[in-house]
Amino acid sequence: MREKRTWILYAGLLVLFWGVWGAFSSQPTERYGYPDEMIYVIWAFTMLVPAAVALRRERFDRRPIAAVYGLVAGLTGAGGQLLLFQALSDGPAYLIFPVVSLSPVVTVLMAVALLRERIGKLAAIGVVAALIAIVLISIPAGAGGSVSTGAWLVLAILICVAWGAQAFFMRKAALAGVNDATTFGWMTVSGLLLVPVAVLMMGGLPDAVWQAPALTAGTQILNSTGALFLVMALSRGSASVVAPVTNALAPVLTIALSLAVYQTLPTIWATTGIVLAIGGSTLLVYEDEKREELPERLEASTVES
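Along each chain, residue indices are assigned from 1 in the same order as the chain's sequence is written. Only residues with pLDDT of at least 70 get local features here, since the model is predicted, and only at 80 or more are side-chain atom pairs given and counted; chain-wide, interface and lining totals rely on the full set of residues. The side-chain figures draw on all heavy atoms in the structure; neither hydrogens nor water molecules are used.

S.K.: Teacher, can you tell me more about unusual backbone geometry here?
M.R.: Most peptide bonds take the trans form, and the phi angle of most residues other than glycine is negative. In this structure, arginine 116 is a non-glycine residue whose phi angle is positive, near 60°. Mapping arginine 116 onto the fold places it in the loop between helix H7 (103-114) and helix H8 (121-138). What counts as a helix is a DSSP run of H or I of at least four residues, what counts as a strand is a run of E of at least two, and both are numbered from the N terminus.

This is the structure we're talking about:
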């Protein structure tokens, strides 16, 4: 049982890495006008670093089922990222991001329906609070105005489903006995396979000062390492708990760092979201701890009797 609880450690590391990454990820574009697609290309190659570290510790699983789950998890994640670039070129970010941020709903529904994961009353409240928090935090400052729906809405929904399914297949791989390093290795392959697509979307490699790719690599290594921690957290904890917790708390750290570094005050929506994220995540962790403790108590009482 203690081994299963290590998901909290890896989820915490994920929140740390993705929270810091979120605070500085926009710098290459803001400072040097670096294209988003080029940021994707560099991110895909930074995945090689944590993949190499992980594969030094675990044997590569050569079973076809490992390849299937790993590639599906990788392609849904990386493919969703490329779709996001297209959606943002056609529609407003203040509507796209709240739609995309609902991806944990997809994960929770798939986990409950297909993996038979159970959610207690407190955990259900925590999930709802975390999901509301994610949406509120995703609303940018100054959002408003009317806009017509179009292809961007369809793309946003597809991204939401893809990213929700990604977390589900990470968990599915773990339940099939696939180790973390293998799943992440195939995810790395998936990201690299889509690099030519990103280059085509740009119309070729851009000209840029050396600081742009260097800064991008420095920030994206946090992103790719965080993705490895997500795989590790989902292999040890329920998808219906891990997905809402990590998606809710990482933006909280990003907002805190932005406040400290850029003196940027959160909006009233983000402030409300922070409170809900912390409260909802606390309920989820507490409920999960209670669920793990019950079998231990029953086992102890059996031994004593």
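So that's the structure; there's more coming.
S.K.: Where do I start with the confidence of the model for the protein chain in this structure?
M.R.: Regions with low pLDDT should not have their predicted coordinates read in detail. Residue-level confidence of the predictor is summarised by pLDDT, bounded by 0 at the bottom and 100 at the top. On average, residues of the protein chain score 89 in pLDDT, and 91% of them reach the 70 mark or higher. Taken element by element, the protein chain is modelled with least confidence in helix H14 (residues 268-304), mean pLDDT 74, and with most confidence in helix H10 (residues 180-193), mean pLDDT 98. Any pair of residues with heavy atoms lying within 4.5 Å of one another is described as a contacting pair. Predicted confidence for residues 294-303 stays below pLDDT 50, and this span has 4 contacts to residues more than four positions away or in other chains.

S.K.: Would you mind showing me how to read the packing of helix H3 (residues 36-46) against helix H4 (residues 48-57) here?
M.R.: When two helices pack together, their arrangement is given by the angle between the helix axes and the distance between those axes. For helices, the fitted line uses only the C-alpha atoms of the stretch in contact; every axis is such a line through C-alpha atoms, and the angle between N-to-C directions lies from 0 to 180 degrees. Between H3 and H4, whose axes approach to 5 Å, the crossing angle comes to 15°. One element, H3, and the other, H4, form an angle in the roughly parallel class. Of H4, the residues touching H3 (which contributes Ala44, Phe45 and Thr46) are Leu48, Val49 and Pro50. Note that Gly is not counted as nonpolar here; it falls among the polar residues with everything else outside the nonpolar set of Ala, Val, Leu, Ile, Met, Phe, Trp, Tyr, Cys and Pro and the charged set of Asp, Glu, Lys and Arg. Tallied by class, residues from the contact of H3 with H4 come to 5 nonpolar, 1 polar and no charged. Should an angle lie under 35 degrees it is considered roughly parallel, over 145 roughly antiparallel, and from 65 to 115 roughly perpendicular; all remaining angles are considered oblique.

S.K.: Would you mind going over the nonpolar core with me for this structure?
M.R.: In globular proteins that are soluble, nonpolar side chains generally tend to be buried together. Only buried residues count toward a nonpolar core, which is a set of Ala, Val, Leu, Ile, Met, Phe, Trp, Tyr and Cys residues joined through side-chain atoms within 4.5 Å. Buried, partly exposed and exposed residues are distinguished by accessible area as a fraction of the type maximum, computed with a 1.4 Å probe on protein chains only: under 20%, between the cut-offs, and over 50%, respectively. Ranked by size, the top nonpolar core spans 61 residues in total, and within it Tyr40, Met170, Phe184, Met187, Leu230 and Leu234 carry the most contacts. Among the elements that line this core, the one with the most residues is helix H12 (residues 211-234), at 9 residues. In contact with phenylalanine 184, other than residues within four places in its own chain, are Met47, Pro50, Ala51, Ser224, Ala227, Leu228 and Val231.

S.K.: I'm lost on the pattern of salt bridges in this one. Help?
M.R.: Any carboxyl oxygen of Asp or Glu within 4 Å of a side-chain nitrogen of Lys or Arg constitutes a salt bridge here. Tallying each qualifying case throughout the model produces 3 salt bridges. Close ionic contact of glutamate 117 with arginine 171 constitutes a salt bridge, the shortest N to O distance being 3.8 Å. A residue pair is termed long-range when its members are at least 10 positions apart, and glutamate 117 in the loop between H7 and H8 and arginine 171 in helix H9 (residues 151-175) qualify at 54 residues. The same class applies to glutamate 117 as to arginine 171, namely buried. With its nearest N and O atoms 2.9 Å apart, the salt bridge here joins aspartate 180 to arginine 236. Taken together, the positions of aspartate 180 in helix H10 and arginine 236 in the loop between H12 and helix H13 (239-262) put the pair 56 residues apart, joining distant regions of the chain. In this structure, aspartate 180 and arginine 236 share a single accessibility class: buried.

S.K.: Any chance you could explain the environment of leucine 131 here in plain terms?
M.R.: Assignment of secondary structure puts leucine 131 in helix H8. Here the alpha-carbon distance between leucine 131 and tryptophan 21, two residues 110 residues apart in the chain, equals 21 Å. Here leucine 131 is in contact with Pro104 and Val105, once residues within four sequence places are set aside.

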